[in-house]
Amino acid sequence: MLPRSLFPLRFSVSALALISACSGYQPDTASPPAPVGAQTQEVAATPPPPASAEEAAKFIADVNEGLRKSYVEKARAEWIQETNITPDTDALAEQARDATMAYVTAKIKESVRFRDVPGLSKDVARQLELLRRGTDLPAPNDDKERRELASLATAMGSTYGTGKYCSKSLAKFAKKKPDAPKVAVASAPAQEVCLTLGELSHVLEDPKSSYEEKLEAWKGWRTISVPMRDQYQRFVELGNKGAKDIGFSDLGELWRARYDMTPAELETDVERLWQQVKPLYDDLHCYVRGELQKKYGKDKIPDKGTIPAHLLGNMWSQTWGNIYPQVAPHKGEPSLDVTKGLLKKKMKPLDMMKTGESFFTSLGMKSLPKTFWERSMIEQPPGREVVCHASAWDLTFAGDVRVKMCTEVNEEDLITIHHELGHNYYFLYYNEQPILFQEGANDGFHEGIGDTLALSVTPEYLVKIGLLERAPGNDKAELNVLMRRALDKVAFLPFGLLIDKWRWDVFSGKTKPTQYNQAWWDLVQKYQGVSAPVARSEADFDPGAKFHVPANVPYLRYFLADIYQFQFHRALCKATGHTGPLHKCSIHGNKAAGDKLKAMLALGASQPWPEAMKAISGESKADASAILGYFAPLSAYLKEQNKGRQCGW
Ligand code: X8Z
Ligand code: ZN
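Not measured: the values here are computed from a predicted model.

Novice: What is the right way to look at the side chain of Ser391 in this model?
Specialist: Of note, Ser391 is situated in strand β4 (residues 391-394). Residue classification places Ser391 among the buried positions, given a relative accessible area of 0%. Within the local environment of Ser391, its side chain forms a polar contact with the side chain of Trp393, the two groups lying 2.8 Å apart.

See the structure below:
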C-alpha cells in the first residue's frame, strides 16, 4: 500500500496531474469548493488577502510535513489492523483513516487560494495539483458524515478480509489446520467447514474438482458481499459528496483526473488502447472457449456463447493461467512448470521472496533493508484474521518498506512477489522526493514495475536459477510458454477495464443502486465474454466480492499497467542490446536496463507521466504495439486454430 490513499488502501497509488503550459486540463476555478470545518469557515467569513508565490511554497512545504505525519500514523494503524483484524484494531485504523481524511480534505480546500497565484514555481504548482487530485476518497464537509464514511470503509474491508463460506460438500478443500486430526476417517459424515477465499479459490484452480464443486465455491464466495450492498450505496453517496466539495462532479471524475489529461481525454485514450488489444483478446477467448468445450460439452459451453465464470480457474475470471493444462497448444511438449520446480527445490515463501529480490539486485539495484525481512508478513500467520490480499507498504517514507502476503509455493505467487517488490523498489527510489511526489508517474506505472521484471522470468532465466532443468528447445514448446503468459496478461485486459467502467457509472449516478448487479454482469459479458453460471439478482452484490471494490482501490491502473509493462520491457530489452523476439528477452543481470529503470523510478510523480515514459522508453504515449508484438507468434497460432470456429459472443 501507499499510505497516502485514504482508504484501506495498501498499494493505492494516487494521482498526479499536470499544470503546465501544455496541459489541456485546468481545474474549474469558477466555483471554488465550500470551506470545511470551523477554522476554514472563519477564513471564508473574512476573505484572505491575495496569496503570494512564497506563501504557496511555504504552504506546500508544511503540507508535505503534515502529510508525512498523518500518513505514517495511518499506515502504522492499518498495518496492525490488516495483519491482525479485531474489533480493536478496526477501531484504531478507522480513527487514523478518519484523521487523515480530515487533514487531507482540509488542506485541499485551503490550497484553492494558491491555485492561480502568479509566479508559482513549476514544482509547487504541480504539488498543489497532486494534492487536489491525489485522494481516492475526499471527505464530506460534515464531521459526522466523514466519520460515517471512514466507518463504512472499515466495515466493508473487514467483511471482505474475514469473509468465509461454510459448506459440508467442500470440506475436503479446507486446508488442514495444525490442530485438526491428522487422519480423516473416510466413513465419518462430513462436517461443515468454513472456507476462506484462498481455499475457495483452490477449488476453482483445481483441475480435478468437479463442475458442481467449482460452482459451489464460486457462489459461496459471493455470499460474503451481500451485506455490503447497502453500505456501498451509502459509501458512494458520501464519497461523491466529498468529491463535489473539492470541485469534481463525482468520485469517478476525480479518479479520471489523474493522468495529465482531461477525464474525457483519458476515456478516449483508454478506448484507443482497448481497441488496439481487443482483437487479440477475442482470438484468445475463441480458442479457450473451444478447448473448454471439449472438456465440458456444448450444453455447458455453447458455440458463440459466453464462458461460464467458474471454469476459468480464477474467482473473478481475471487471469486464466490455472487452466493452462487444459488449453496448452502442444500438450505433449514440455511446458514451464514453475510450481513443480519450486516444490522440487523445496522452496519456502521466504526463499521465493529472496529470489524476487535477487532479480532487482541483479540489475544493480540496492538490497531490501534489513527491516523489510524483520517486519514483513510473508506467510499467513496461524490463529488470527489477516487481510490476505497481497500488498506493498511504505510506512515511513524513509525506507521502512514491507510486503504483506499469504504466500503459497506456486508460480502465481512467485509472480505476485515480483509485482509487490516492484512497488517496494519504487518506494525506495523516490524516497528523496517531497511526499507529494512520492507516487508513481501515474498509478499504472506503480503497478507495472514488478510485472515488467516478471516478464523476464523466461525459461532460460529459470534454468539459470535452478527452477527448470532445461529450456524448451523447439517452436512448439515456445508456443506453450507464450500461451501460459497470454492466459494471464491478455485475459486480464477486459477485466482490468471493466471494474472502473462499473464504478464510474455508479459514481456518476448512471447506474442506480437498484441496477448494481445487473450493470456489473452486463459489463462482464460485454468486455470479457463471460457470464455468471447461475442467475444473479439485485439481492446479490457481486462487485463487493472483488477486493478493490470494498477497499476502494481504483482499478484502471492495472489495465494501464498491463499495457505499459510490455512497453517498459521492450525499452529495457533495447537497452540490453537484445534483438529478436521480445518474448525471448530477459533483462536479468543487466545494469544498463537497471540504470534506465532507476532513473524513471527516482522521478516519482515529479513530472507528468509522459516524461517518465520518455525517460525509460523514449516514447511519450501509451502504446499497445509492444504487447501485440510480444504475442505475435501466439496470435498467428490462435488465428489458425480458430479457423472454422464461430468467434465472438
Ligand atoms: O491487487 C493486485 C496486487 C496488489 S496491487 C496483488 N493486483 C490486481 C488484482 O489482484 O486484482 C495485481 C494484478 C491485479
Ligand atoms: Zn500492485
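Back to the text.
Novice: Looking at this model, I keep getting lost on the packing of helix α20 (residues 556-576) against helix α21 (residues 591-603). Mind explaining?
Specialist: Relative placement of two packed helices is described by the angle separating their axes and the distance separating the axes. Between α20 and α21, the shortest axis-to-axis distance is 7 Å and the interhelical angle comes to 135°. Classified by the angle their axes make, α20 and α21 are oblique. As for the relative orientation of α20 and α21, their crossing is right-handed in sense. For the pair formed by α20 and α21, the contact residues are Phe568, Leu572, Ala575 and Thr576 on the first element and Ala592, Ala593, Lys596, Leu597 and Met600 on the second. When its residues are assigned to classes, the contact of α20 with α21 shows seven nonpolar, one polar and one charged.

Novice: Before we go on, may I ask you to explain unusual backbone geometry in this structure?
Specialist: With the exception of glycine, the majority of residues adopt a negative phi angle, and the majority of peptide bonds are in the trans configuration. Phi at Lys346 is positive, roughly 55°, even though this residue is not glycine. Mapped onto the fold, Lys346 is located in the loop between α12 (338-344) and α13 (349-362). Despite not being glycine, Asn552 shows a phi value in the positive range, around 55°. For Asn552, the position within the fold is in the loop between β6 (530-531) and α20.

Novice: Honestly, the coordination of the zinc ion (ligand 2) in this entry has me stumped. Any pointers?
Specialist: Put simply, the ideal angle at a metal is 109.5 degrees for four donors in tetrahedral geometry and 90 or 180 degrees for six donors in octahedral geometry. Within the protein, the atoms that donate to the zinc ion (ligand 2) are His419 (NE2), His423 (NE2) and Glu447 (OE), at distances of 2.0 to 2.1 Å. Geometry at the zinc ion (ligand 2) is tetrahedral, judged from its four donor atoms and the angles of 90 to 130° they form at the metal. One chain supplies every donor to the zinc ion (ligand 2), and in sequence these donors are spaced H-x3-H-x23-E. Residue His423 is located in helix α15 (residues 411-429), and its partner Glu447 is located in helix α16 (residues 443-454); the two are separated by 24 residues in the primary sequence. A residue is classified by how much of its surface remains accessible, and His423, at 0% relative accessible area, is buried.

Novice: Please clarify how the state of the cysteines should be interpreted in this entry.
Specialist: Disulfides are covalent bonds that connect the sulfur atoms of two cysteines. A complete count under the given rule lists four disulfides for this structure. Residue pairing for Cys166: its cysteine sulfur links by disulfide to Cys194, the two sulfurs lying 2.0 Å apart. Because the torsion about its S-S bond is 100°, the bridge between Cys166 and Cys194 counts as right-handed. Linking Cys166 in strand β1 (residues 165-167) with Cys194 in strand β2 (residues 193-195), this pair joins segments that are 28 residues apart in sequence.

What counts, and at which threshold
- Residues numbered from 1 in each chain as written.
- Chains lettered and ligands numbered in written order.
- Predicted model: local features only at pLDDT ≥ 70, side-chain atom pairs only at ≥ 80, totals over all residues.
- Heavy atoms only, no water.
- Helix = DSSP H or I, 4+ residues; strand = E, 2+ residues; numbered from the N terminus.
- Buried < 20%, exposed > 50% of the residue type's maximum accessible area, 1.4 Å probe, protein only.
- Polar contact = N/O pair within 3.5 Å; in protein donor to acceptor, adjacent residues only side chain to side chain.
- Axes fitted to C-alpha atoms, helices over the stretch in contact; angles between N-to-C directions.
- Parallel < 35°, antiparallel > 145°, perpendicular 65-115°, else oblique.
- Left-handed = near helix turned anticlockwise from the far one by under 90°.
- Contact = heavy atoms within 4.5 Å.
- Nonpolar A, V, L, I, M, F, W, Y, C, P; charged D, E, K, R; others polar.
- Donors = N, O, S within 2.8 Å, 3.2 Å for Na, K, Ca; no water.
- Tetrahedral: all angles 85-135°; square planar, octahedral: opposite > 155°, others 65-115°.
- Disulfide = S-S within 2.5 Å.

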